[in-house]
Amino acid sequence: MVAGSERVVEWSSDYAGYGQVVVTGKDYAGRHAATVKKFMAAVREGAVHLAAHVNDPSVVAVAEAALPGVPGPVVQASIAEAEYPLFADMSAQDWSKTSRSVDELGSLPDDAEITADDWTNAYLG
């Protein structure tokens, strides 16, 4: 890997906020709360497994299969580079960092704003 968050501060979670975000509509989450909770539990379980097995050859093999053409050493370094928020609740401060970071990439409409009404920790239980 040519660069990582230790060399490019804008890639670090301290600067960029959330690197992984799961998005669903409020209406869907309200109507399917049990499904959303199970999905979030599965995402968390996968993150825990990956964080505990960063150098496991089977994990690298699965990642390589999902990323055809990417050299093995790059895949492995990328797995190690990823930060997995295992049990952290979301916060307004982290959403502010995330919005700013995504906006700096030019990926948000000009009038986009993420407010406290746009996210919840209710489904993390």
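Scroll up for the structure.
Computed from a prediction, not measured in an experiment: that's the story for all the values here.

Undergrad: Looking at this structure, how should I read a nonpolar patch on the surface?
TA: A cluster of nonpolar side chains, contributed by V22, F39 and V43, occupies part of the molecular surface with about 240 Å² of accessible area. Topologically, F39 is positioned in helix α3 (residues 33–52). For F39, a relative accessible area of 46% corresponds to the partly exposed category.

Undergrad: Before we go on, may I ask you to explain the packing of helix α4 (residues 57–66) against helix α5 (residues 72–81) in this structure?
TA: Each packed pair of helices is defined by two parameters, the angle between the axes and the distance between the axes. Packing of α4 against α5 leaves a shortest axis separation of 9 Å and a crossing angle of 110 degrees. In this view, α4 runs roughly perpendicular relative to α5, as classed from their interaxial angle. Between α4 and α5 the crossing geometry is right-handed. Side by side, α4 and α5 meet where V59, V60, A63 and E64 of the first sit next to G72, V75, Q76 and I79 of the second. A breakdown of the residues in the contact of α4 with α5 according to their chemical character gives 5 nonpolar, 2 polar and 1 charged.

Undergrad: Just to check I follow, could you spell out the nonpolar core for this structure?
TA: As a rule of thumb, nonpolar side chains are buried together in soluble globular proteins. V54, V59, V60, A63, V75 and I79 form the largest nonpolar core, which has 6 residues in total. At the level of elements, α4 and α5 are the ones that each hand at least two residues to this core. In terms of residues, this core owes the most to one element, α4, which gives 3 residues.

Reading the values: rules and limits
Residues numbered from 1 in each chain as written. Predicted model: local features only at pLDDT ≥ 70, side-chain atom pairs only at ≥ 80, totals over all residues. Heavy atoms only, no water. Patch = residues over 30% accessible without salt bridge, like charges linked within 9 Å, V, L, I, M, F, W, Y side chains within 5 Å. Areas by Shrake-Rupley, 256 points an atom, 1.4 Å probe, with all protein chains shown as cover. Salt bridge = Lys/Arg side-chain N within 4 Å of Asp/Glu carboxyl O. Helix = DSSP H or I, 4+ residues; strand = E, 2+ residues; numbered from the N terminus. Buried < 20%, exposed > 50% of the residue type's maximum accessible area, 1.4 Å probe, protein only. Axes fitted to C-alpha atoms, helices over the stretch in contact; angles between N-to-C directions. Parallel < 35°, antiparallel > 145°, perpendicular 65-115°, else oblique. Left-handed = near helix turned anticlockwise from the far one by under 90°. Contact = heavy atoms within 4.5 Å. Nonpolar A, V, L, I, M, F, W, Y, C, P; charged D, E, K, R; others polar. Core = buried A, V, L, I, M, F, W, Y, C linked by side-chain atoms within 4.5 Å.

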